[in-house]
Amino acid sequence: MDVCRASRMNRMLTDNTRALNVPPSLAPPQERTIFAKERISIPGYYEIIQFLGKGAYGTVCSVKFKGQNPPAKIAVKKISNIFNKEILLKRAIRELKFMNFFKGHKNIVNLIDLEIVSSSPYDGLYCYQELIDYDLAKVIHSSVQLSEFHIKYFLYQILCGLKYIHSADVIHRDLKPGNILCTLNGCLKICDFGLARGIHTEFFQCQTTNSAVQPHITNYVATRWYRAPELLLSNQPYDKSIDIWAVGCILAEFYARKPVFMGRDSMHQVFEIIKVLGTPEKDLLIKFGTIKAWNLGKNSNNPVYKKIPWSNMFPFASHEAIDLIESLLHWDSTHRLNVEQAISHPFLTDVRKPDDEPVCLQGPFDFTYESELSSMSKLRDHLIKEVDDFKTELFSSL
Amino acid sequence: MNVGEKVQQDENQTHLPLHKKSNNLFIKEKAVTEYNKPDNIRLRNLNFNHRKYLDDKKTKQFPVPVNFEKSTRCEVGIGLEPGELTDVNLDYIPKSPSIEKISGPNTTITPKNIIHLQSDSDLVIEECDRGYDCGPFYHLYNYENRIEPDDYEAIIEAIITDEIAGTYPMFERELEYQELKGLVRKRDYILYYLFSKDYLGFFQLKEERTFFYTYPSIAYTSPLRYLDNVPENDLFTEENDEQLQSFDFENMSSVRTLDSGVWR
């Protein structure tokens, strides 16, 4: 089945690839480094250091620029078999767009190069990015002792990255320790923009006039343990505060050394939150506007829980830390701090560098491109164009 | 020339020209005959020099080092007379060397020197044993839908809202379906209906799509699937970190109770 389909699709893909008008100066060099065993072909100025593993939809290896000493390690992921699959193409475009848009910020993972190779058996999309060894989940759940200073420094970096993302009117929607990479010297970088979403109102209006795409945000939601109460109990639109809730969960996890709300399903998740934050107020339940929210109230048969002070749970944490957790993990999204207020919190005063907390100067992220992707060939063309634009920008900056 | 030397010579002469082959064969035969005698086991002169060294070492007498001095650590740390036993301290937790390395000397801590994982990379317990991965497609799992299948109220509300707005959820593989629809030929229909062969995967997709648009409860509650319907060869590692983590933490969650309310 796949062979037949692939051959027909490949024809179409080749045509698309031909459409890519790469200027001779930007064309990839003739010399290429080939790693035949894993079917990887990279430009000749790279040298393969080692094969790192087989990840999702691709093979990853570490490379460096030839002759560079000490070598800056780069991870190359060759992605294949995505060109016939709609949801994978859409995700690839989305992720690359966000990575490209946010590149340059020290707390967001950086894309170094992009390339589409069409010659078999090396064909695929090649993504070059900085090689980062660990993620925050591994660090938190290890035996490494974390002082409060570590926690401040880690949280500050997460908030700096998030400030940059939010300043472009983008919600990450899947913030969790596993999606925050950690370099060997303790630098954190937010990654995985697979569920990220632009929310700038102006672009929604553009889409509505186009009427090709639904004006509301999709209903797909992030990892349950870091999911905000409004996502669990309400069906109304949400905003950047869902990321702030996730940051609050991460901060509490630094102290607990495990996720603080570990629900087995969405209602169990709600009860896990209730056990700690107490039963929410009646006004808020009305605001959520759903029967399942209303059933949690004091009139229902459910037991009423009182809030457990965070200081009881983390007696070793400072007052500032407790206050910040309190301000981030609030039932009501409107009562949560925004990212800038969170950065300014006294808990982070020791580590803060106010001059080095940039916002995205490119303005809000434009997601109107989504309405143009009305066929598979357009999806493929768009991915190729994305790679082309990236290379053009890269070479013009050299 | 003894037999051993001859055989060695023979082994080294395998590259000789063909005209010498008969002679070599003769020597080989002779070697095999000699090999069958118990006194002629050796095929070549083996190097037993290291044995000679060991034999010398065996005969040589080494004095046993005896240290009668008490270490200062023993005096200060334990303060017990030799032979005196005490209860075993089961609560004793040896000091982790990692803690010292991390918290380090009590100097002014700046963000630059706070973590030195480079030299202590072994401190991270969970090594990446499933193979390294990075983005795009760093984490793949099925994203849950905000509306759950049994949340009828939410489904009805969503249907009404969309009805007013004149919209409907789009099948997640709609574009793929449209493309395949253009590619499918009469032959494919015949193969499918006569022999149940769905080479393009079109008919399966069509069925899924029909299902999606027929039942609004599915349309409004279906997750965003990155893992389902994916051949194993395409997807090398199915990573669901939530599932991975739950293995470790579900047991621990019983430790945290409302009574104690404290994480240790």
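Everything numeric here is computed off the predicted structure, so don't read it as measured data. (Residues numbered from 1 in each chain as written. Chains lettered and ligands numbered in written order. Predicted model: local features only at pLDDT ≥ 70, side-chain atom pairs only at ≥ 80, totals over all residues. Heavy atoms only, no water.)

### Quick notes on the overall build of chain A
Inference 1: Looking only at helices and strands, one finds 14 helices and 12 strands in chain A.
Inference 2: A buried classification covers 60% of the 398 residues belonging to chain A.
Inference 3: Partitioning the intrachain contacts of chain A with sequence separation of at least 6 by distance along the chain shows that 67% fall at a separation of at least 24.
Inference 4: Of the roughly 15,800 Å² of accessible surface on chain A, 53% is carried by carbon and sulfur atoms. (Helix = DSSP H or I, 4+ residues; strand = E, 2+ residues; numbered from the N terminus. Buried < 20%, exposed > 50% of the residue type's maximum accessible area, 1.4 Å probe, protein only. Contact = heavy atoms within 4.5 Å. Areas by Shrake-Rupley, 256 points an atom, 1.4 Å probe, with all protein chains shown as cover.)

### Some words on the confidence of the model for chain A
Caution applies to low-pLDDT regions: their predicted coordinates should not be interpreted in detail.
Inference 1: Of all residues in chain A, 88% have pLDDT values of 70 or greater, and the mean over the chain is 86.
Inference 2: Contacts for the low-pLDDT stretch residues 209-215 of chain A, under 50 throughout, to residues beyond four places or in other chains number 13 contacts. (pLDDT = per-residue confidence, 0-100.)

### Overview of the pattern of salt bridges
Residue and element names in this part refer to chain A.
Inference 1: Inspection of the entire model under this criterion finds 29 salt bridges over all chains.
Inference 2: We note a salt bridge from arginine 91 to aspartate 192, for which the minimum N-O separation is 3.1 Å. With arginine 91 in helix 2 (residues 86-101) and aspartate 192 in the loop between strand 11 (188-190) and strand 12 (197-198), the pair connects residues that are 101 residues apart, well separated along the chain.
Inference 3: Judged by its relative accessible area of 1%, arginine 91 is buried.
Inference 4: Aspartate 192 sits in the buried class, given a relative accessible area of 3%.
Inference 5: Between lysine 106 and aspartate 356 there is a salt bridge, with its nearest N and O atoms 2.4 Å apart. Note that lysine 106 is positioned in the loop between helix 2 and strand 6 (111-117) and aspartate 356 in the loop between helix 13 (339-343) and helix 14 (376-397), a separation of 250 residues in sequence.
Inference 6: Salt bridges linked by common partners bring Arg91, Glu95 and Asp192 together as one network. (Salt bridge = Lys/Arg side-chain N within 4 Å of Asp/Glu carboxyl O.)

### Some words on helix 14 of chain A
Inference 1: Taking 1.5 Å per residue, 22 residues should reach 32 Å; helix 14 of chain A reaches 32 Å between its end C-alpha atoms and fits that length.
Inference 2: If you check which residues of helix 14 of chain A are buried, you get A:Met376, A:Leu379, A:Arg380, A:His382, A:Leu383, A:Ile384, A:Glu386, A:Val387, A:Asp388, A:Phe390 and A:Lys391. (Expected span 1.5 Å × (residues − 1).)

### Looking at the UniProt feature "binding site: ATP" (unreviewed entry) in chain A
All names here are of chain A.
Inference 1: In this numbering, the UniProt entry assigns the feature "binding site: ATP" (unreviewed entry) to Lys78.
Inference 2: Within the fold, lysine 78 resides in strand 5 (residues 74-79).
Inference 3: Look past the residues within four positions of lysine 78 in its chain and what remains in contact with it is Arg39, Ile40, Tyr57, Gly58, Thr59, Pro121, Tyr122, Asp123, Leu125 and Tyr126.
Inference 4: Within the structure, lysine 78 has its side chain in polar contact with the backbone oxygen of arginine 39 (distance 2.8 Å). (UniProt positions renumbered as here; feature names shortened; annotations may be inferred. Polar contact = N/O pair within 3.5 Å; in protein donor to acceptor, adjacent residues only side chain to side chain.)

### What to know about the sheet that holds strand 4 (residues 58-65) of chain A
All names here are of chain A.
Inference 1: A sheet is described by the order of its strands in space; here five strands give the open sequence 3-4-5-7-6, paired in antiparallel fashion. Among the strands making up the open sheet, the edge pair consists of strand 3 (46-55) and strand 6. The mean angle between the axes of side-by-side strands here comes to 20°, regardless of whether they run parallel or antiparallel.
Inference 2: Note that strand 3 and strand 4 share eight bridges and pair antiparallel. Within strand 4, the residue paired with phenylalanine 51 across the bridge is cysteine 61.
Inference 3: Running over the sheet, helix 2 touches strand 6 and strand 7 (124-130) and is turned about 145° from strand 6.
Inference 4: Sheet strands touched by helix 14: strand 6 and strand 7. Its angle to strand 6, the strand with the most contacts, is close to 130°. (Pairing = 2+ DSSP bridges. Axes fitted to C-alpha atoms, helices over the stretch in contact; angles between N-to-C directions.)

### What to know about the packing of aromatic side chains
Inference 1: Tallied over the full model, the rule gives 34 aromatic pairs over all chains.
Inference 2: When the centroid spacing of 5.0 Å and the interplanar angle of 65° are considered together, the rings of B:Phe211 and B:Tyr215 count as edge-to-face.
Inference 3: Three or more aromatic residues link up through ring pairs in this structure, and these residues are A:Phe98, A:Phe101, A:Phe102, A:Tyr164, A:Phe193 and A:Phe365.
Inference 4: The ring centre of A:Tyr369 lies 4.6 Å from the NZ or CZ of A:Lys97, which sits over that ring.
Inference 5: Against the face of A:Phe367 rests A:Arg197, its NZ or CZ located 4.6 Å from the ring centre. (Phe/Tyr/Trp six-rings, centres within 6.5 Å; stacked < 30°, edge-to-face > 60°. Lys NZ or Arg CZ within 6 Å of the ring centre and 35° of its normal.)

### Observations concerning helix 7 (residues 174-183) of chain B
Inference 1: Among the 10 residues of helix 7 of chain B, seven are classified as buried, and the element is accordingly described as predominantly covered.
Inference 2: Along helix 7 of chain B, the residues that are buried comprise B:Glu174, B:Leu175, B:Glu176, B:Tyr177, B:Glu179, B:Leu180 and B:Leu183.

### With respect to the nonpolar core
Inference 1: Formed by 129 residues in total, the largest nonpolar core has its most connected members in A:Phe102, A:Leu136, A:Leu251, A:Phe254, A:Trp310 and A:Phe314.
Inference 2: Formed by 16 residues, the second largest nonpolar core is a distinct cluster that contains B:Ile147, B:Ala158, B:Leu180 and B:Val184. (Core = buried A, V, L, I, M, F, W, Y, C linked by side-chain atoms within 4.5 Å.)

### Quick notes on the environment of A:Leu328
Residues and elements named next belong to chain A.
Inference 1: Tracing the chain through its elements places leucine 328 in helix 12 (residues 319-328).
Inference 2: Note: C-alpha distance between leucine 328 and alanine 246 (82 residues apart in sequence) is 8.5 Å.
Inference 3: With near-sequence residues (within four places) excluded, leucine 328 lies in contact with Ile244, Trp245, Val247, Gly248, Leu251, Arg336, Leu337 and Ala342.

### Section: the packing of helix 7 of chain B against helix 9 (residues 202-214) of chain B
All names here are of chain B.
Inference 1: In contact at an axis separation of 10 Å, helix 7 and helix 9 are set at 135° when each is read in the N-to-C sense. Compared by their axis directions, helix 7 and helix 9 come out oblique. Here helix 7 runs over helix 9; the crossing is left-handed. Of helix 9, the residues touching helix 7 (which contributes Glu174, Glu176, Tyr177, Gln178, Leu180 and Lys181) are Phe202, Leu205, Lys206, Arg209 and Tyr213.
Inference 2: Looking at the contact of helix 7 with helix 9 residue by residue, the classes come out as five nonpolar, one polar and five charged. (Parallel < 35°, antiparallel > 145°, perpendicular 65-115°, else oblique. Left-handed = near helix turned anticlockwise from the far one by under 90°. Nonpolar A, V, L, I, M, F, W, Y, C, P; charged D, E, K, R; others polar.)

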